[in-house]
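Each chain, written out:
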Amino acid sequence: MAVHLITHDFSLAHRTPAGHPERVERVTSVIGAVKASSHDVVEWDAPAVDMGLLETIHDRSYIEHIQAFCLGGGGALDPDTHVVPASWHAALHAAGAGPFAVDLLRKRSGTAFVAVRPPGHHAERHQAMGFCLFNNIAVTASYLLEKGDKVAIVDWDVHHGNGTQHSFYPNQDLLYVSIHEFPFYPGTGWVTEVGEGVGRGATVNIPLPGGTSASSYLAAFSRLVMPVLTEFRPDWVLVSNGYDAHVRDPLGGLNLESDHYGWMANALVSVVPSNRVIAFLEGGYDLDALGEASVATLDGLTGQIAEPVWPTEVQGSAAKVVDLAVEEIGRHWKIR
Ligand SMILES: [Zn+2]
């Protein structure tokens, strides 16, 4: 199966200060590993996003502020989020990558893997934060929703995707499911955040304490994420594909191994029609883990993994929060 790798050279021109974890080498590691793998990789250049589409997720005044700030020389938008002039172009092409992937998968078979910077899931309607300028995955979901598709976003980055959650909080056609470390940056993502109005239930949060074992994480994923997705029956699954829940990640406190990303990716393929999964690089700060886990994810998306044996028991301090999540999610979805 073809792997459509969507990237852009402006990702490499978006520079952050020395020692900053969100750096150019992240994306070069991912692209290098993917291209060196045995996968049938087809590389594509991401176009700049359509401005009208970008404005469905971000206020025009905010977009203009980012443009002026970057092109005016750049600097720190907040203590974490730094830009240079080229970051403006990087952000436009990062936001354009997902809609391009959608159009591609409507015409060609395969799976799409978006490897661009800056990442997106923390970006709010009118605020840059957490290394993110525009919410790339939300822009793509908006593109699909406008065409009448039902969209699920699965966010396995170790941080909660506050910006994505808020973009669709009252929306029943967009399922947002996040499994993340909690308490942790950005502070949102507790079990009681379930959406509002007709969107109640379409936001699902599974917050796991730092130190949660891979086995407990995977048990929570199979017990909660998969039944909700199966019942929702999305037309498309978009993945906020951060690798900072990896055991070797210097920022995250969770313990996944590279292969586990393949397990999860493979499970997602089963809930949508063929050629309807797009993975978007979010976080992940260990360069070797990024490359290794990216290839594992593609192994899962293309069905080239051995049948996993999913753990069933959540242990330790994670058990208590998973019980709370089961209670909350069980009000809206059929879970055991
Ligand atoms: Zn993250």
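See above for the structure.
Residues numbered from 1 in each chain as written. Predicted model: local features only at pLDDT ≥ 70, side-chain atom pairs only at ≥ 80, totals over all residues. Heavy atoms only, no water.

A.B. asks: Quick rundown of the coordination of the zinc ion? Include the residues and the values.
C.D. replies: At the metal site, the zinc ion is ligated by Asp157 (OD), Asp157 (OD), His159 (ND1) and Asp244 (OD), and these contacts range over 1.9 to 2.7 Å. Around the zinc ion sit four donor atoms; with metal-centred angles ranging over 53 to 155 degrees, the donor geometry is irregular. Taken in sequence order, the residues that donate to the zinc ion follow the motif D-x1-H-x84-D. You'll find Asp157 and His159 in the same group, each marked buried. (Donors = N, O, S within 2.8 Å, 3.2 Å for Na, K, Ca; no water. Tetrahedral: all angles 85-135°; square planar, octahedral: opposite > 155°, others 65-115°. Buried < 20%, exposed > 50% of the residue type's maximum accessible area, 1.4 Å probe, protein only.)

A.B. asks: Summarise the pairing of strand β10 (residues 277–281); cite the residues concerned and give the values.
C.D. replies: When you tally the buried positions in β10, you get five out of five residues, the bulk of the element. On β10, burial covers both faces: Val277, Ala279 and Leu281 on one face and Ile278 and Phe280 on the other are all buried. Where strand β5 (residues 111–114) meets β10, three bridges bridge the pair, whose relative direction is parallel. Bridge pairing links Val114 to Phe280 in β10. (Helix = DSSP H or I, 4+ residues; strand = E, 2+ residues; numbered from the N terminus. Pairing = 2+ DSSP bridges.)

A.B. asks: Help me get a handle on the pairing of strand β6 (residues 151–155), residues and values and all.
C.D. replies: Along any regular strand, the residues point their side chains to alternate faces of the sheet. Burial of β6 is extensive: five of the five residues sit out of reach of the surface. Where burial is concerned, the two faces of β6 agree: the one with Val151, Ile153 and Asp155 and the one with Ala152 and Val154 are both buried. As paired elements, β6 and strand β7 (residues 174–181) share five bridges and run parallel to each other. For Asp155, the partnering residue across the bridge sits in β7 and is Ser178. A crossover connection joins β6 to the parallel β7 through helix α7 (residues 162–167); in handedness this β-α-β unit is right-handed. Inspection of the sheet shows β6 paired to strand β9 (residues 236–241) by five bridges, in the parallel sense. Its bridge partner lying in β9, Val154 is registered against Val239. (Right-handed = clockwise from strand over helix to strand, strands pointing away.)

A.B. asks: Lay out the packing of helix α8 (residues 214–232) against helix α9 (residues 258–269) with the relevant residues and their values.
C.D. replies: When two helices pack together, their arrangement is captured by the angle between the axes and the distance separating the axes. Put simply, α8 and α9 touch, their axes get as near as 11 Å, and they point 10 degrees apart. By the angle between their axes, α8 is roughly parallel relative to α9. Listed contacts from α9 to Ala214, Tyr217, Leu218, Phe221, Met226 and Leu229 of α8 are His260, Trp263, Met264, Ala267 and Leu268. Among the residues making up the contact of α8 with α9, the classes are represented as ten nonpolar, one polar and no charged. (Axes fitted to C-alpha atoms, helices over the stretch in contact; angles between N-to-C directions. Parallel < 35°, antiparallel > 145°, perpendicular 65-115°, else oblique. Contact = heavy atoms within 4.5 Å. Nonpolar A, V, L, I, M, F, W, Y, C, P; charged D, E, K, R; others polar.)

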